[in-house]
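# Residue-level structure breakdown
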Amino acid sequence: MSHTEPDPQPDASRPSGPAAGPRDAQPPPGDDTAFFGQPKGLMTLSGLEVWERFSFLGMQAILVLYFAAAVADGGMGVDPGNAASLGAAYGTLVYLVSVAGGWLADRILGSYRAVLWGGVLIACGHYAMAVPTDAFTWIGLGLISAGTGLLKPNVANMVGKLYRTADERRDAGFALYYMGINIGAFLGPLVTGWLADHRGWHWGFSAAAIGMTLGLVQYVTGRRHLAGRKDRAEFALPPQKMRGAVRVIVAGLVVVAAVCTLLALAGWLTMDRFVDVLTLISVIAPVVYFAVMFRSPRVTAEEKGRLRPYVVLFLASVAFNFILFQAYSTMMLLAASNTETHLLGFDFPVSWYASALGAFEVALAPVVAAVWVRMGKRQPHASNKIAIGVVLGGLSFLLMVLPTSGHADDTYRMAAWWIVGSYLLLGLGDILLQTSGMSATTKLAPKAFASQTMALWFLSLALANGIQAQTVKLYGQVSNPVYFGVNGAVAVVCGLAVVAAAPWLKRTMHPVH
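So, a few notes on the structure that sits alongside this text.

Reading guide: rules and limits
- Residues numbered from 1 in each chain as written.
- Predicted model: local features only at pLDDT ≥ 70, side-chain atom pairs only at ≥ 80, totals over all residues.
- Heavy atoms only, no water.
- Helix = DSSP H or I, 4+ residues; strand = E, 2+ residues; numbered from the N terminus.
- Buried < 20%, exposed > 50% of the residue type's maximum accessible area, 1.4 Å probe, protein only.
- Contact = heavy atoms within 4.5 Å.
- Areas by Shrake-Rupley, 256 points an atom, 1.4 Å probe, with all protein chains shown as cover.
- Polar contact = N/O pair within 3.5 Å; in protein donor to acceptor, adjacent residues only side chain to side chain.
- Patch = residues over 30% accessible without salt bridge, like charges linked within 9 Å, V, L, I, M, F, W, Y side chains within 5 Å.
- Salt bridge = Lys/Arg side-chain N within 4 Å of Asp/Glu carboxyl O.
- Axes fitted to C-alpha atoms, helices over the stretch in contact; angles between N-to-C directions.
- Parallel < 35°, antiparallel > 145°, perpendicular 65-115°, else oblique.
- Left-handed = near helix turned anticlockwise from the far one by under 90°.
- Nonpolar A, V, L, I, M, F, W, Y, C, P; charged D, E, K, R; others polar.
- Core = buried A, V, L, I, M, F, W, Y, C linked by side-chain atoms within 4.5 Å.
- Phe/Tyr/Trp six-rings, centres within 6.5 Å; stacked < 30°, edge-to-face > 60°.
- Expected span 1.5 Å × (residues − 1).
- Bend = angle between axes of the 7 residues up to and from the residue.

### Overview of the overall build of the protein chain
For the protein chain, the helix and strand inventory stands at 17 helices and two strands. Expressed as a percentage of the 513 residues in the protein chain, the buried residues total 54%. A fraction of 83% describes how many contacts in the protein chain between residues 6 or more apart in sequence connect residues 24 or more apart. When the accessible surface of the protein chain is totalled, it reaches about 21500 Å², and 68% of it is carbon and sulfur.

### As for the side chain of T339
Looking at where T339 falls in the secondary structure, it is placed in the loop between α10 (330-338) and β1 (342-343). Overall, T339 belongs to the buried group, its relative accessible area being 0%. At 3.3 Å, the side chain of T339 and the backbone oxygen of L334 are in polar contact. Contacts of T339, omitting those with residues within four sequence positions, involve L334, Y353, R413, M414, A415, A416 and I419.

### Some details on a nonpolar patch on the surface
A cluster of nonpolar side chains, contributed by L280, V283, I284, V287, V288 and V292, occupies part of the molecular surface with about 500 Å² of accessible area. Judged by its relative accessible area of 55%, V287 falls in the exposed class.

### Details of the packing of helix α1 (residues 41-68) against α10
Where α1 contacts α10, the axes come no closer than 9 Å and their chain directions differ by 60 degrees. The angle between α1 and α10 falls in the class oblique. Pair α1 / α10 crosses with right-handed handedness. Contacts between α1 and α10 involve A61, V64, L65 and A68 from the first element and M332, L333 and A336 from the second. Residues belonging to the contact of α1 with α10 are distributed by class as follows: seven nonpolar, no polar and no charged.

### Here's the deal with the nonpolar core
Counting 102 residues, the largest nonpolar core has M59, Y353 and Y423 as its most contacted members. Looking at this core, the element that brings in the most residues is helix α9 (residues 301-324), giving 11 residues. With near-sequence residues (within four places) excluded, M59 lies in contact with F54, Y90, H126, M129, L141, I144, T192, F205 and A208. Residues V115, L151, V155 and V159 belong to the second largest nonpolar core, which totals 23 residues.

### Observations regarding the packing of aromatic side chains
Across all of its chains, the model carries 18 aromatic pairs by this definition. Measuring from centroid to centroid gives 5.3 Å for W51 and F54, while their planes differ by 65 degrees, and the two rings are edge-to-face. Of this pair, W51 and F54 both sit in helix α1, three residues apart, roughly one helical turn. Exposure remark for W51: the relative accessible area of 29% places this residue in the partly exposed category. With relative accessibility at 8%, the residue F54 sits in the buried group. Taking 5.2 Å as the distance between ring centres and 80 degrees as the angle between the ring planes, the aromatic pair formed by F348 and Y353 counts as edge-to-face.

### Some remarks on the pattern of salt bridges
Should the charged atoms of two oppositely charged side chains come close, the side chains can pair. Counted under the stated rule, the structure contains four salt bridges. Between E49 and K152 there is a salt bridge, with its nearest N and O atoms 3.0 Å apart. On the criterion of sequence distance, the pair formed by E49 in helix α1 and K152 in helix α4 (residues 134-160) is long-range, its members being 103 residues apart. With respect to burial, E49 and K152 carry one shared label: buried. A salt bridge links K473 to D276, with the nearest nitrogen and oxygen atoms 3.4 Å apart. Taken together, the residues span a long stretch of sequence, with K473 in the loop between α15 (453-471) and α16 (480-500) and D276 in helix α8 (residues 271-295) at a distance of 197 residues. On the basis of relative accessible area, D276 is assigned to the partly exposed category, the value being 36%.

### A word on the environment of K443
Its place among the elements puts K443 in helix α14 (residues 416-444). Since its relative accessible area comes to 41%, K443 is described here as partly exposed. Counting along the chain gives 137 residues from K443 to R306, while the straight-line C-alpha distance between them is 9.2 Å.

### Brief notes about helix α11 (residues 353-375)
With 23 residues, α11 extends 33 Å from end C-alpha to end C-alpha; this agrees with the ideal 33 Å at 1.5 Å per step. At L364, α11 shows its maximal bend, which comes to roughly 35 degrees, and the proline P366 appears one to four places after that position. Within the sequence span of α11, burial applies to Y353, A354, S355, A356, L357, G358, F360, E361, L364, V368 and W372.

### Describing the environment of G41
Looking at the element boundaries, G41 is found in helix α1. Taking the relative accessible area as the measure of exposure, G41 reaches 0% and is therefore buried. Considered as a pair, G41 and L162 are 121 residues apart in the sequence and their alpha carbons are 7.1 Å apart. The contact partners of G41, leaving out residues within four places of it in the chain, are L162, H225 and L226.

### Details of α4
The terminal C-alpha atoms of α4 lie 40 Å apart, and with 27 residues this matches the ideal 39 Å at 1.5 Å per residue to within 8%. Where α4 bends most, at N154, the angle is about 30 degrees. The element α4 is largely enclosed, with a buried count of 19 among its 27 residues.

### Looking at the environment of P239
By the secondary structure assignment, P239 is in helix α7 (residues 239-265). What makes P239 exposed here is its relative accessible area of 56%. Sequence separation between P239 and I108 is 131 residues; the distance between their C-alpha atoms is 9.6 Å.

### Observations concerning the packing of helix α2 (residues 80-109) against helix α3 (residues 111-129)
For the pair α2 and α3, interaxial distance at closest approach is 8 Å and the crossing angle is 125 degrees. Here α2 lies oblique to α3, going by the angle between them. You can see that α2 and α3 cross each other, and the crossing is right-handed. Across from A105, I108 and L109 in α2, the residues of α3 making contact are S111, R113 and A114. Split by residue class, the contact of α2 with α3 holds four nonpolar, one polar and one charged.

Written out as structure tokens, the structure reads:
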């Protein structure tokens, strides 16, 4: 599961790659083709993402299972629906913070330092979760959320700086970068899942911590190969304003922490209410964001015309990712309670199912790319690719209606192939939607908001998690066929609605084809 960012479009007036000025701290000239014909800095950034995804998704593969496991088994004893809700709330927080992370890198920290400090926070968070107490679990999740918010939106921006604007290797470079992401997504659950199953939950969290540490080590040691690794932020605030902004941010964090602590001590801020607040913010934030863009005098009438179809694609992304994120929550819970954990005579941990998603994306991504190249101009419009992705996501849930139906009680065990088949559909849908959706985001966003295109994409992921944080509470309260059937059907209907709107989308989405 990649959850990658839009390919940032560098400003042609600011050269990148070897042509950039000395203050951009360019890598040695020999680096330009040192990594499979790509800049050597791509190896540094791809390696970082391998380990970041290894740690993030490795931890996420066991997180909801840890919440739901009995206290006697080392877990937290949360009922399944609320365990899935907590996992979704964590995802909501990660992507909401990512919006702020992009701004901090642009205005205060700079991309290199934002990624570095983000990685440090992530590693500290995983080490905290390795301590077997509930308090350190919550502290760890908070640190990981803040760290991912700093790291995730800025790594892809650094990849973009490795190339000149017209460099034809750019797309191939991003393909290698995304491949690294999915390799991490495949390997993480294998390691953390085995350790959690054989040694204990916190051993799994320790593996995630070590993975992020290795990613940081190779990031720092390979920094000389990175373009644009200057100390200053690219669009830094003036010194006086920067000092004021830092004071406001620090004061705001202190006030929020103090208020939350007081409300928690008073018994008002319960975990359920905290989840509800995050869901509310995830709904309000994109509404405000779109309202600002539609009303901004810096957005032309033509650009506003392109924003309208983007709202449709934004909602399609929400519908798909609502299903996708449950690969690490309700699907893990279903696998733990009602699915066989042996295949071809081999027994494996439940969390290994999550690795199937990464494996399918690694295997299918080049196949899909080759198909589009072969079809050329006959390939489907971007809106139809997105629609197909949403439909496939819905079908992955509808598939689960078959093996969960017709049982007298909940003691049944379905074959492993059902979960694997569901993840196959989900992985293919993810490839279709994420690549087309991210490309459309960069092309349809108004020029005045071009540097914030990643914020738009992250808000769709935050909203998907926010909605999921509420609906997954029904898991275990209604029958499995009803739960997966209704959610899957809603996603399919959303996908078909995008197909129905295709003629209008094709007319209004220029220059997206």
